[in-house]
Amino acid sequence: RQDHPLGREVLALPIAGDGGAADVGFQALSGAAERNEQILFMVVDNEGYMNTGMQRSSCTPYGAWTSTTPVGQGSGGLPSQGKTQDAKNLPLIMVNHRCEYVATASTAYMEDLYDKLDKAIQASKRGFAYLHVYSPCTTGWRFPTDQNMEVARKAVETNFVMLWEYTRESGVEFTRPVDDPLPVTDYLKAMGRFRHLSPDQISHIQAKVVENLAFVKQMTHRASA
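Residues numbered from 1 in each chain as written. Predicted model: local features only at pLDDT ≥ 70, side-chain atom pairs only at ≥ 80, totals over all residues. Heavy atoms only, no water.

1. A closer look at the pairing of strand β4 (residues 40-45)
As a reminder of what qualifies: Remark: exposure states derive from per-residue accessible area (1.4 Å probe, protein chains only) relative to the maximum for the residue type, with buried under 20%, exposed over 50%, and partly exposed in between. Working definition: helices are DSSP H or I runs of at least four residues, strands are E runs of at least two. Numbering for both runs from the N terminus. Two strands are said to pair when DSSP picks up at least two bridges between them.
The buried fraction of β4 is high, at five of six residues. Across three bridges, the pairing between strand β3 (residues 15-17) and β4 is parallel. If you follow I15 over to β4, its bridge partner there is M42. Sheet analysis places β4 next to strand β8 (residues 129-134), joined by six bridges and oriented parallel. Opposite D45, over in β8, you have Y134 as the bridge partner.

2. Structural notes on the nonpolar core
What counts is decided by this rule: We call a set of buried Ala, Val, Leu, Ile, Met, Phe, Trp, Tyr and Cys residues a nonpolar core when their side-chain atoms join them within 4.5 Å. Here a residue-residue contact requires only that any non-hydrogen atoms of the pair lie within 4.5 Å.
If you look at the biggest cluster of nonpolar residues, it comprises 25 residues, and the most contacted ones within it are L29, F41, M94, V102, F128, Y130 and W164. Looking at this core, the elements that each hand over two or more residues are α1 (18-23), α2 (26-34), β4, α3 (90-95), β9 (164-167) and α8 (199-224). Examining the composition of this core, we find that four residues originate from one element, α3, more than from any other. Every residue in contact with Y130, bar those within four places of it in the chain, is listed here: L29, L40, F41, V43, L90, P91, M94, Y101, V102 and A103. Y62, Y109, L188 and F194 belong to the second largest nonpolar core, which has 24 residues in total.

3. What to know about the side chain of K83
Threshold: Residues scored as positive are Lys and Arg, those scored as negative are Asp and Glu, and His as well as the terminal groups of each chain are ignored. For this analysis, a salt bridge means a side-chain nitrogen from Lys or Arg found within 4 Å of a carboxyl oxygen belonging to Asp or Glu. Identification of polar contacts relies on pairs of N or O atoms within 3.5 Å, with a donor-acceptor requirement for protein atoms, meaning one able to donate a hydrogen and the other able to accept it, and with residues adjacent in sequence counted only if both atoms are side-chain atoms.
Take K83: it is sitting in the loop between β6 (79-81) and α3. An unpaired buried charge is present at K83: no salt bridge exists, and D86, the closest side chain of opposite charge, is 7.4 Å distant. In terms of polar contacts, K83 uses its side chain to reach the backbone carbonyl oxygen of S58, at 3.4 Å. If sequence neighbours within four positions are ignored, K83 has contacts with R56, S57, S58, T60, P61, Y62, G63, A64 and T69.

4. Things to note about the packing of aromatic side chains
To keep things clear, this is the line we draw: Only Phe, Tyr and Trp rings are paired, with Trp represented by its six-membered ring, and only when their centres lie within 6.5 Å; those with planes under 30 degrees apart are stacked, over 60 edge-to-face, the remainder tilted. Think of it as a cone above the ring: NZ of Lys or CZ of Arg counts as a charge over the ring if it is within 6 Å of the ring centre and within 35 degrees of the ring normal.
Applying the stated criterion across every chain, the model contains four aromatic pairs. An angle of 15 degrees between the planes, with centres 6.4 Å apart, marks the rings of F41 and Y130 as stacked. Remark: Y130 occurs in strand β8 and F41 occurs in strand β4; sequence separation between them is 89 residues. Accessibility expressed as a relative area gives 12% for F41, which makes it buried. Of the aromatic side chains, those joined through ring pairs into one cluster are F41, F128 and Y130. In this arrangement the basic side chain of K88 is found over the ring face of F26, its NZ or CZ atom lying 5.4 Å from the centre.

Take a look at the structure:
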């Protein structure tokens, strides 16, 4: 963010999908953060390359069906049961860049999103700000359009998605903590992309949710110590 030669204040606001930020565009994102450019970088994360055929990205969750992580017979006749890797946690990677501001948000909780957007805009006047918005894709995730907000809420209510923010002064802090989360199956069963999951895969996902929550909590404890 810089003062315009004509006296206007200009906000640089690049917006990218998860694939464009976490995969093919990560070098530019990381470089801008390292230089502490006066930018607000927003990622709209629908967990895949949804506008080019629903291919997997590194932010696609473990077990999810996509056109490149199909269910059924895979290459060489081997069975395929969705994505076999866990999702990249891009927001935490950005915290390690020590940005001016980093936050996660969800389209199901717009007041939280707007509050963080305001903070990110102010932070971008000092340096690099990053806002990661989780946004369901009805087509790629295989659920009815009228369930969009319900699916987004369930992601937060199960801690599959956690809402927090980071500043250099306060470290990581939860903005909408979920102390009594629903089982992750309440989220998974709402979408066709997870319909094929085996009990072992569901157990893996639930364990990963617990692990991710514990990891973020450790970061909040470090900040308050």
